[in-house]
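# A structural walkthrough
If you want the building blocks of each chain, they are given just below.
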Amino acid sequence: MAIILYLDTSTRNCSVALCQDESLLAIKEEFNTQSHAKLLHPFIRQVMRDARKEMGDLDAIVVAGGPGSYTGLRIGMSCAKGICYALDLPFIVVDTLEALANEMIEMNPDEDGIYIASLDSRKGEIYYCIVNSQGIILEASRPAVVSEIDWTKYKGRSIYIAGNTKEKLENFKLNLNIKDIIVQYSAKNYIKKGFNKFTLKELDDVVNMEPNYLKPFR
């Protein structure tokens with residue numbers, strides 16, 4: 001059985017989870033914070049204590065790979081890499097929006113549903129990823145101006161959206177059947193995908209892997 005540490009600092013939420021295989025052992029998180037650098041390492045120590053585990057018990061680290069906050073992503077990625085270097089552990093990166101989309105399906109399964117995981121961006125843009133009810137990616141994570149997205153293919157379908165872009169979409173009067181799902185960006189969203197990648201040995205390069213910012217940082 002594998003003991004895996006999950007880190008998510010991709011948004012204003014700072015979240016750390018510890019699992020044995022896919023079973024959650026402990027979680028520590030704070031929402032709507034700008035103190036990721038201050039909170040992340042104490043949160044890691046807390047979940048290890050809560051689960052009565054030592055760092056030497058870890059079998060892998062899974063970290064949110066983006067898109068998301070430039071600073072937050074770098075904090076999480078640097079921390080994960082440091083632990084993997086020090087303990088010679090497998091390093092696994094999971095797409096932030098894909099993880100949220102799959103959590104949406106778990107929360108509200110709908111055979112005919114379309115699931116949009118999203119993040120608000122600047123200057124009228126959003127980051128988004130679209131999957132169907134089987135978790136198949138219809139549109140991979142990307143940035144886009146809402147008015148330039150081809151929404152016609154999804155008309156008549158139930159569209160579930162999570163993130164912070166529902167109001168922005170509704171302002172464009174797209175005539176879509178949008179249903180809001182309240183789900184947080186959280187380390188626990190990465191458990192299923194992260195454990196699957198670990199089992200299949202789909203590991204990432206701890207030296208060269210960088211966060212997926214989607215857009216150049218300015």
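Just above, that's the structure.
Residues numbered from 1 in each chain as written. Predicted model: local features only at pLDDT ≥ 70, side-chain atom pairs only at ≥ 80, totals over all residues. Heavy atoms only, no water.

## Comments concerning helix α3 (residues 96-107)
Put simply, the rule reads: Think of it this way: any DSSP run of H or I at least four residues long counts as a helix, any run of E at least two long counts as a strand, and we number them from the N terminus. Here, expected helix span is obtained from the residue count minus one, scaled by 1.5 Å. Accessibility here uses a 1.4 Å probe with only protein chains present; expressed as a share of the type maximum, an area under 20% marks a residue as buried, one over 50% as exposed, and anything in between as partly exposed. By definition, residues are in contact when any of their heavy atoms lie within 4.5 Å. Whenever two N or O atoms come within 3.5 Å, that pair is a polar contact, provided that in protein one can donate a hydrogen and the other can accept it, and provided that, for residues adjacent in sequence, both atoms are side-chain atoms.
In a regular helix each residue adds 1.5 Å, so 12 residues correspond to 16 Å; α3 covers 17 Å between its end C-alpha atoms and thus fits that length. Buried residues of α3: Thr96, Leu97, Ala99, Leu100, Ala101, Glu103, Met104 and Ile105, and no others. Residues of α3 that are buried in the fold lie against β4 (60-64), β5 (91-94), β6 (114-120), β7 (125-132), β8 (137-145) and β9 (158-162). You can read the cap of α3 off the contacts: a side-chain oxygen lies 2.9 Å from the backbone nitrogen of Leu97, and it is on Asp95.

## Examining the sheet that holds strand β10 (residues 177-180)
The line we're drawing: Any two strands are treated as partners once DSSP identifies two or more bridges connecting them. The axes used here are C-alpha line fits, helices contributing only the stretch in contact, and every angle between their N-to-C directions lies in the interval 0 to 180 degrees.
Reading across the sheet, the 5 strands line up as β8-β7-β6-β9-β10 and stay open at both edges, with mixed pairing between neighbours. Each of the sheet's edge strands pairs with one partner strand only, and the pair in question is β8 and β10. Here the average twist between neighbouring strands, direction ignored, is 25 degrees. As defined by bridge partners, β9 adjoins β10 across 4 bridges and the pair is classed as parallel. Bridge pairing links Ile159 to Ile178 in β10. Strands in contact with α3 are β6, β7, β8 and β9; relative to β6, the strand with the most contacts, it is inclined by about 135 degrees.

## Digging into unusual backbone geometry
The phi torsion of most residues other than glycine is negative, and most of the peptide bonds are trans. Of the consecutive residues Gly66 and Pro67, the connecting peptide bond is found in the cis state with omega at 10 degrees. The phi dihedral of Asp88 is positive, around 55 degrees, even though this residue is not glycine. Here Asp88 is to be found in the loop between α2 (70-87) and β5. Phi angles above zero are rare outside glycine, and Lys201 is one such case at about 60 degrees. Tracing the backbone shows Lys201 in the segment after α5 (191-199).

## Here's the deal with the side chain of Ser10
Position of Ser10 relative to the elements: it lies in the loop between β1 (3-8) and β2 (14-20). There is a polar contact of 2.7 Å between the side chain of Ser10 and the side chain of Asp8. Apart from the residues lying within four places of it in its own chain, the contact partners of Ser10 are Ala64, Pro67, Gly68, Ser69, Leu73, Thr96 and Tyr190.

## Some remarks on the side chain of Asp95
Going by this rule: For the purpose of counting charges, residues Lys and Arg are taken to be positive, whereas Asp and Glu are taken to be negative. His and the chain ends are not included. A pair is scored as a salt bridge if a Lys or Arg side-chain nitrogen falls within 4 Å of a carboxyl oxygen belonging to Asp or Glu.
With respect to the secondary-structure elements, Asp95 resides in the loop between β5 and α3. It turns out Asp95 is buried and unbridged, and the closest side chain with the opposite charge, Lys193, is 9.8 Å from it. With sequence-adjacent residues up to four places away left out, Asp95 is seen in contact with Gly66, Pro67, Ser141, Tyr190 and Asn212.

## Quick look at the pairing of β2
Of all 7 residues making up β2, 6 are buried, and the element is well covered by its neighbours. Where β1 meets β2, 6 bridges bridge the pair, whose relative direction is antiparallel. By the bridge assignment, Leu7 is partnered in β2 with Val16. Once β1 ends, the chain turns through 5 residues before running back antiparallel as β2.

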